[in-house]
Structures are given as structure tokens and as C-alpha cells.
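Chain residues, written in single-letter form:
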Amino acid sequence: MSKSPIEKALTPEKFENLKTKTPPTNSVGFGALKASLGHANKYMKPLDALKVSLKMNQKGGFDCPGCAWPDPDDDRSAIGEYCENGLKAMAEEMQNKLINREFFAQNAVDDLASLSDFEIGKSGRLSEPMYLPKGASHYQPISWDDAFNKIAEHLNALDNPDEAAFYTSGRTTNEAAFLYQLFVREYGTSNLPDCSNMCHEASGSALSETLGIGKGSVTLDDLYKAEVVMVIGQNPATNHPRMLSALEKTKKNGGKIIAVNPLPEAGLIKFTDPQNPIKMLTGGTKLSDVFVPITINGDVAFFKALLLKLLEKEEAQGGVFDKAFINEFTSGYNDFISDLKTYNFETCLEASGVTFETFNEAFDLILNNDKIIICWAMGLTQHENAVDNIRELVNLLLLKGSIGIEGAGTCPVRGHSNVQGDRTVGIWEAAPQAFLDKIEDKYGFKPSVKHGYSVIESIKAMYEGKVKVFFGMGGNFISAVPDTKYSAQALANCNLTVHVSTKLNRSHLVTGQEALIFPCLGRAEKDYQKSGVQTQSVENSMGVVSSTKGILEPCSDDLLSEVAVVCGIAHATLKDRSKINWLAYKDDYNLVRDDIAEVVSGFEDYNKKLKQPSGFYLPNGARVRSFKTKTGKANFTSNKLPNWKLKDGELIMMTIRSHDQFNTTIYGLNDRYRGVFNERRIVFMNRDDMKLRSFDEHQVVNIKSEYNGVIREANQFKVVGYDIPKNCCATYFPETNVLVPLDSFAHTAKTPASKSVRVTITKV
Ligand SMILES: Nc1nc2c(c(=O)[nH]1)N[C@H]1C(S)=C(S)[C@@H](COP(=O)(O)OP(=O)(O)OC[C@H]3O[C@@H](n4cnc5c(=O)[nH]c(N)nc54)[C@H](O)[C@@H]3O)O[C@H]1N2
Ligand SMILES: Nc1nc2c(c(=O)[nH]1)N[C@H]1C(S)=C(S)[C@@H](COP(=O)(O)OP(=O)(O)OC[C@H]3O[C@@H](n4cnc5c(=O)[nH]c(N)nc54)[C@H](O)[C@@H]3O)O[C@H]1N2
Ligand code: SF4
Ligand SMILES: [Mo]
């Protein structure tokens, strides 16, 4: 009997061979270099590994397909401007094994679904378009033209364009993303869910409301010049490794670092720059001056405690708040202060789980400095009150006047290499009217002004039969989204699911009645078109747009670029209905950039500016104290303490990344910096919580979450005793996404609350 969509969506419940060691405090150094080069040489052609390591993140080279951390504007290391995980991302993308029609003929979809995510990823690069007909057990080859026509048929058969949803992951370049959203809008819908909905959406919501721009305000140079950098809810050693080189510079210039995290993450404590041979021998820099082991979701409480103490000092001695800044540039100060006064310091401190002593160390640094930068990632954005987390940190910066001056400001650290750029050029289910008006002016059609579906809304709509065609531009939707079982059924309810991908993943296996796989070029590959090898562009986490151009030969002749895929689909679907000459764009991407220059503000003279070796900065109001909010000022906000309570025996669980994965792509089975080897089905627990339940080390357990009366289960995990606050636990994403309720998401932003899942854990 064939497998159900749910069976195919779940990661197999099999154990590898767990080994644990005491976690190191130091990150990078020899271990990292060895790991990355080993990985690259194992999976890539040897010469390719060398070529990419010399060109990655260099001016005129190609942009690392890993995270969105910026490259230095000026000096770049000649040895290579990349990190261990950047090279792993590259090796994964350019692996020398190919998947073709023989592979799919030999392996039924059901059989592939029995593999672990690690095994699926290691099958190789996709090399030709494939089609899964209704009722078939195996994918079969299809020509590009037939595949385009197949999508066109499905899209044109829908009663309403809103019956299709078009997802984007964050690797898509500006050129491809702009054309993609343009096609979706001309087709007639705003259903553009993206990975950002699950990632920094809460940051975007909170920052737009308070500071008038949904992006961070600082540059790398600010980071070097800060007096205090708070790194909160973020694990840079794994997820943004080169950020540690920047923090090392901050320290060298006399800056202090506060790390706020339930886990004592390795790189936050100590770091050795692999590009610095002397440091590698002498043992690295101690990074954090204060480590604050906060309880999961204790952040609003922690910020409130800081705010209350600052207020107390201001009232006692004055000179703590930047009154001149507050008067001239902000709105809502009095309401904010009256609301703050309704809270009690001790209650807040207790709710944060932080001791008075540690709190005071952090507080002194905040009190005595003004050039403060706050950096954050998923530890703040994936909670029901995620927007409050970020609004509260903005309150702190506003009180101190720590915004729009050198060395101070907001730094949401973005995930995928171009997730920020995708949003800038229009991948947004709730795009501003001004942007839609520009599209109408330029192209002469009226885009739908109705807000489209975000990720969570798309899943519901598919489940309920309101969306019948799902299209994924990159990404691995089924493994990335919450509530795996419900979401699998949602996808299975579709008529057609389509994925543009570099590599095979679980989303190709949990399909609608019919499915298509479109294999595309990766970042490092040359994109040959009529006018020559194309250059594309991306925007990093600090708003710098720069060029990226592949250097390796494509791994197969049958790959198309994402731009060419969009043009092909748009042409086949819209035909004479279109006001746009779709096929012209793919011959010369300069034409796409000319259009972006007209439609998206900040991109004037795009083609010219892109030729500057380090790219160019987009305008950023918050950086210069020009706050484009509804009030015309930076807004203080009042935020409540979260009021959830754990039931007896419950723990709060965060789903996090190991050191050997990029989201749903599993590079390997180790989490070296946390001392875990050869296993991913683990749950990190406080040793007192283990004792209470009579759990041994490596105890085999099942995990249950209960939300609004619905129980979700994930079985077969091993317990690892860890330095994590009591009542908290941690597991890896995506193995436990099945436990994350679809209805538990950030207010306003709808980011799934995958860092605060209430669970019970029992022995098997
Ligand atoms: N190598 C690698 N790089 C990546 C990725 C990857 O998977 N692998 N993913 C990319 C993407 S898309 C993203 S979004 C980023 C993600 O980058 P991160 O946000 O660093 O990734 P997570 O593993 O989700 O880690 C969240 C951190 O927040 C902490 N945390 C969890 N809950 C709380 C909380 O309630 N309060 C506080 N203060 N801390 C908390 C966790 O202990 C952990 O250290 O990385 C990007 N870069
Ligand atoms: N429980 C839990 N769930 C989470 C998170 C969490 O912390 N906890 N984090 C969330 C976050 S922050 C994010 S960003 C999402 C990530 O969600 P996604 O972006 O959907 O997932 P990825 O794993 O990054 O996607 C990997 C796939 O992208 C394809 N790919 C890689 N490079 C390219 C390319 O250049 N072009 C194309 N077309 N395809 C490419 C490959 O086929 C690969 O299999 O997951 C979210 N889900
Ligand atoms: S820090 Fe991020 S962008 Fe830079 S090399 Fe590493 S993975 Fe790539
Ligand atoms: Mo992300």
C-alpha cells in the first residue's frame, strides 16, 4: 500500500549512533577549517572547491549562498572571505553527484520518503525537469516546454487567481524575485508567502511600526565602533559565523558584548578567527563580557527589568535618558513611561529567569554607554509575543538615544543570503500601496490590492481547498513549516505542486495530485544567456546591494536559471493577455534591473551602481533619524509580559539549528559546538528536570505538545543533559516541527512560534 502524505512528510524515527562530549567554549579555529575543507573535498570536485573558496564573497565574485551576513566594504581577506558553513553551503550546492531520470525510475516517491533528510540531500543535484502524473508512483522526465504548458493549463483552469499560492525561499536573487512577483501580480493574485513569514517577519512588523523601516539600521562599521553590543536570541558561531570576526573587532576597539541566550553557545563565549594564524595558535578572544542565561521567552521581562532600573536611575539622578533625542525625534514617551510604571522590577526579573547579579552586570553596561547595538535572530522572532520582544528592545534604544548615531542601532540578523532583497523587490503578500501603484504606472495592469496569504494562511487555504496550485521558488516548504501532519494534508489537497530547486528535498515527495520539479542553476554556476554570462544581485542583512556572478560550469546542460523559469512560465500562462515582453528579460538581465530601477525606490541607476566593487547602500531612514512612521517620529510602545503558564510537568521547548544544517538541508549529523555527535533525534534538558523525571543520559523518550486541546506527538528522541535553564528544553528543527501548532504564531506578524512550544516528555 502506498504511503499517506503524512507518512511521507515525517522524518523517519530511526536512531543513528549518539555520542556526547562536554561542549567546547571556543568556536572556529582549526576544528572549523578542517571540517569545512573536509566537507568540500568530500562532496565537490577538488578543483571546484579551490575555485569557489577563492572567489566566494570577493568583489566581482559570487555571493555566498549561506546566510545574509555582510561582506566588509573595504579590506577582504585574500585567503578567502568565507566561513566553515559558507563552504559547506557551497559544497552541498555543487556536489558532484547528479540525480537524473534513471534515479527517479529506480526510486519510487514512497521509497525516497523513507530516507532521512540527510540521505535525501546527499542523493545529489537535480539535473533535468521531472513530472509526477496523477496516481503515479515514480517521477518521469518532461521537457521544459511541456512543463511550462502544464503549469499554464492548471493556472488558467482555476476559477480565480487567488486559488494559487507562490512561495519564495530567500536565496532567489533580486532579478528573479522581481520578475516572479511581477508575474504573480499580473496573473492576478498577491498570494506570495515567503520564508520571511517564518523568520524575521516579526522584526519587520515591529521595526516598521516603531522606526519606519522594516530593516536594521546599522552598518558593519557601526558594529566595530559600538560601546556595547547585545547579541540576543541568536547563535552566530553556527548561523552567522563571520559575525564573530566583526565582534572581535568591536572588542579590539574597546566595545563590550552581552550575550542573552538560554544556551551558553560556544562562539558567544570565545572565538578564534580562522583567517588569523596567530590567534589560532594562541587560543582566541573571549567574546562575551556578560552571559545572561535567560529562560525561553523571558526576553520582554528582561527588557522590562532593564527599562525599570533605567527609569529608577533617571528619576534619582537624571542624565540617563537622552531627553533631547526623545523630545525631538520620538512619540509616545509619556504613555510608555506610565505603562512601564505599572510593572514591578522583581516580578520582571523573576519571569526572565536571570539572577540579580548577572542582571546587574548587563545593566551597568547599558547604563554607562550610549553607543549600543542590539543584534537578534530567531530566539526573539519565533514566539507568540515576538513583535513585543522587538518593540521592547526598540524602547530601550530610544530611551538611550541609541539610534541613528555612529556605533548604535538595530541589527536584526537575517537568515538566507537574499531574504532581505526578495522583500525589497516585492516578494510580499502585503506589499505597500505605493509599490503596487508603481507597478501599475510602469506596466499598465492593476495588481490585486487585497492582501494575499502568508505561509500560515496558505497552509490553511490549501487544507480547505481554497488554494489548489502551490508553487515553490526554492525552499523546502513541508519541512520548514509548522504542524507537519496538517501541512502535509494541505499540500496533498492541491491539484498541482511545483518546486524550483537545486536539490531533492522532502517537498518533492509530499505532493499534490500532480507534481513538477524544475532544476535550476546554483549561485556558483555560470548563467549563460543570449547576451553572455549574466550577473545578478543580492541585498545583505545591512542593506548593501552587490553583484553575484557564477564561476563554475553548470552541473547539467538541462538546468535553467530562476529568471528563465519565471519568464517561461509567465509567457506560457499569460500569452497575449500579458502587457510584458517576458522572453526579452531572460536574454539580458540588465533589462530587469532597468525595470527595478523605475519601480523600487533606492535602485535608481541600478546597473551603474552595481558596478561599484562593494555594491551600494540602500537608503535607510532610521540610520539618519528620519523615521517614516505614521506619526513621523520614532514610536515608543507598551508591551505586556507574556501570560502563559506551564502546566505541571510541562516544559517550554525551542526548536533550533544544529551546527551541521542549513535549515532543512542537513550537512551532517554532528552538532560539534554543543558536543553532540552522530544524532539529530535528541532533546537537550536541564539535569534537574531529568532527575525529576528519572531520566538517564540518552534516555529514549517521546514528546507531546498540547495546544487548545489538540495533542501532537513526536516519538523516539534521546535526552542529552545540558546547561539550559530549568523548565526549558531544545530540539532540532525540522524533526520536531510536527509539534508546532499552526495556530500558535506571533500576533501581527504570524511567525510560527517555533521557539515556545509547550511539551511533556515521557519515557518510551
Ligand atoms: N549554518 C547555518 N547558517 C544559517 C542557517 C542554518 O540553518 N545553518 N539558517 C539561516 C536562517 S534562515 C536563519 S533565520 C538564521 C537563524 O539563526 P539563529 O536565530 O541564530 O538560529 P536558531 O538555531 O534558530 O537559534 C536561535 C538562538 O536563539 C536562542 N533562543 C531560543 N529561544 C530563545 C528565547 O526565548 N530567548 C532568547 N534570548 N534566546 C532564545 C537559541 O538558544 C539559539 O541560540 O541563520 C541563517 N544561517
Ligand atoms: N521549527 C522550526 N521551523 C522553522 C524554523 C525554526 O527555527 N524552527 N526556521 C524557519 C526559518 S527562519 C526559515 S528561513 C525557514 C526556511 O525554509 P525554506 O527556505 O523553505 O527552507 P530551506 O531549507 O532553506 O530550503 C532548502 C531547499 O532550497 C533549495 N535551494 C537551495 N538553493 C537554491 C537556489 O539557489 N534556488 C532554488 N530555486 N532553490 C534552492 C534546495 O532544493 C533545498 O532543498 O524554515 C522555518 N522553519
Ligand atoms: S557568514 Fe554567512 S555569508 Fe558569510 S561565509 Fe559564512 S555562511 Fe556565507
Ligand atoms: Mo530564516
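All values derive from a computational prediction rather than experimental measurement.

1. Focus on the overall build of the protein chain
- Scanning the protein chain from terminus to terminus reveals 32 helices and 33 strands.
- Here the C-alpha atoms of the protein chain give a radius of gyration of 25 Å, agreeing with the 27 Å that 2.2 N^0.38 yields for 764 residues.
- The dimensions of the protein chain, computed from C-alpha atoms along their principal axes, are 75 × 60 × 55 Å.
- Relative to its 764 residues, the protein chain shows a buried fraction of 64%.

2. Regarding the side chain of Lys251
- With respect to the element layout, Lys251 can be found in helix H13 (residues 243–252).
- The exposure class of Lys251 is buried, given its relative accessible area of 18%.
- In terms of polar contacts, Lys251 uses its side chain to reach the backbone carbonyl oxygen of Leu287, at 3.1 Å.
- Setting aside residues up to four positions removed in sequence, Lys251 forms contacts with Ile257, Lys286, Leu287 and Asp289.

3. Focus on the UniProt feature "domain: Molybdopterin dinucleotide-binding" (unreviewed entry) in the protein chain
- UniProt's entry tags residues 651–757 with the feature "domain: Molybdopterin dinucleotide-binding" (unreviewed entry), counted in the numbering of this structure.
- With 6% helix and 41% strand, residues 651–757 has end C-alpha atoms that lie 8 Å from one another.

4. Re helix H16 (residues 299–317)
- Compared with the 27 Å implied by 1.5 Å per residue over 19 residues, the 27 Å span of H16 between its first and last C-alpha is a close match.
- Burial analysis of H16 places 14 of its 19 residues in the buried class, which makes it a mostly covered element.
- Gly318 occupies a position one or two residues after H16 and carries a positive phi of about 70°.

5. Topic: the site of ligand 2
- The full set close to ligand 2 counts 30 residues, and Tyr167, Ser169, Ala480, Glu562 and Thr664 are the nearest of them.
- At 2.9 Å, a side-chain N or O of Thr655 approaches a nitrogen atom of ligand 2.
- In the environment of ligand 2, an oxygen atom lies 3.0 Å from a nitrogen or oxygen atom belonging to the side chain of Lys755.
- Surface burial for ligand 2 is 95%, taken as the share of its 930 Å² of free accessible area covered by protein chains.

6. Let's talk about the pattern of salt bridges
- Following the criterion strictly, the structure yields 44 salt bridges and no others.
- Of the charged contacts in the structure, one is a salt bridge between Arg171 and Glu93, with a shortest N-O distance of 3.8 Å. With Arg171 in the loop between strand E7 (164–168) and helix H9 (174–187) and Glu93 in helix H4 (residues 84–93), this pair connects stretches of sequence that are 78 residues apart.
- Looking at Arg171, the relative accessible area reads 27%, which means it is partly exposed.
- Connected through shared salt-bridge partners, Glu84, Lys88, Asp660 and Arg672 make up one network.

7. Quick look at the sheet that holds strand E16 (residues 469–473)
- Pairing within the open sheet is mixed, and its six strands lie in the order E6-E5-E18-E17-E16-E7. One side of each edge strand has no neighbouring strand; the edge strands of this open sheet are strand E6 (140–141) and E7.
- Relative to E6, strand E5 (residues 130–132) is paired through two bridges, and the arrangement is antiparallel. Within the sheet, the bridge partner assigned to Met130 lies in E6 and is Pro141.
- Running at roughly 170° to E7, H9 makes contact with E7 and E16 of the sheet.

8. With respect to the packing of aromatic side chains
- Within this structure, the stated rule accounts for 34 aromatic pairs.
- A ring pair is formed by Phe183 and Trp582, whose centres lie 6.4 Å apart and whose planes are at 85°; its orientation type is edge-to-face. With Phe183 in helix H9 and Trp582 in helix H29 (residues 582–587), this residue pair connects regions lying 399 residues apart in the sequence. There is no split in this pair, since Phe183 and Trp582 are both buried.
- Where Phe321 meets Tyr333, the ring centres are 6.4 Å apart and the plane angle is 85°; that geometry is what we call edge-to-face.

9. Considerations on the site of ligand 1
- Near ligand 1, the surroundings consist of 32 residues, among which Asn261, Glu265, Asn297, Gln661 and Asn663 are the closest.
- At 3.0 Å, a side-chain N or O of His383 approaches an oxygen atom of ligand 1.
- Between Arg657 and ligand 1, the recorded distance is 2.8 Å, taken from a side-chain N or O atom to an oxygen atom.
- Residue assignment for the shell around ligand 1 shows that the elements contributing at least two residues are helix H12 (236–239), helix H21 (378–381), strand E25 (651–656) and strand E26 (661–662).
- Looking at side-chain class alone, the shell around ligand 1 contains 13 nonpolar, 15 polar and four charged residues.
- In this structure, the shell around ligand 1 is formed jointly by two domains, domain 1 (5–24 + 646–763) and domain 2 (205–412), each of which donates at least three residues.

10. Remarks on the nonpolar core
- Of all hydrophobic cores here, the largest spans 61 residues; its most connected members are Met230, Ile258, Phe302 and Ile374.
- With nine residues, the single largest contributor to this core is helix H22 (residues 386–399).
- Contact partners of Met230, with chain neighbours within four places excluded, come to Ile258, Val260, Phe302, Phe303, Leu306, Ile366, Ile373, Ile374 and Cys375.
- Core analysis: the second largest hydrophobic core is formed by 60 residues, Trp144, Ile151, Phe183 and Leu516 among them.

Scoring rules and cut-offs
- Residues numbered from 1 in each chain as written.
- Chains lettered and ligands numbered in written order.
- Predicted model: local features only at pLDDT ≥ 70, side-chain atom pairs only at ≥ 80, totals over all residues.
- Heavy atoms only, no water.
- Helix = DSSP H or I, 4+ residues; strand = E, 2+ residues; numbered from the N terminus.
- Rg over C-alpha atoms; globule rule 2.2 N^0.38 Å.
- Buried < 20%, exposed > 50% of the residue type's maximum accessible area, 1.4 Å probe, protein only.
- Polar contact = N/O pair within 3.5 Å; in protein donor to acceptor, adjacent residues only side chain to side chain.
- Contact = heavy atoms within 4.5 Å.
- UniProt positions renumbered as here; feature names shortened; annotations may be inferred.
- Expected span 1.5 Å × (residues − 1).
- Near = heavy atom within 4 Å.
- Areas by Shrake-Rupley, 256 points an atom, 1.4 Å probe, with all protein chains shown as cover.
- Salt bridge = Lys/Arg side-chain N within 4 Å of Asp/Glu carboxyl O.
- Pairing = 2+ DSSP bridges.
- Axes fitted to C-alpha atoms, helices over the stretch in contact; angles between N-to-C directions.
- Phe/Tyr/Trp six-rings, centres within 6.5 Å; stacked < 30°, edge-to-face > 60°.
- Nonpolar A, V, L, I, M, F, W, Y, C, P; charged D, E, K, R; others polar.
- Domains from an automatic or database assignment.
- Core = buried A, V, L, I, M, F, W, Y, C linked by side-chain atoms within 4.5 Å.

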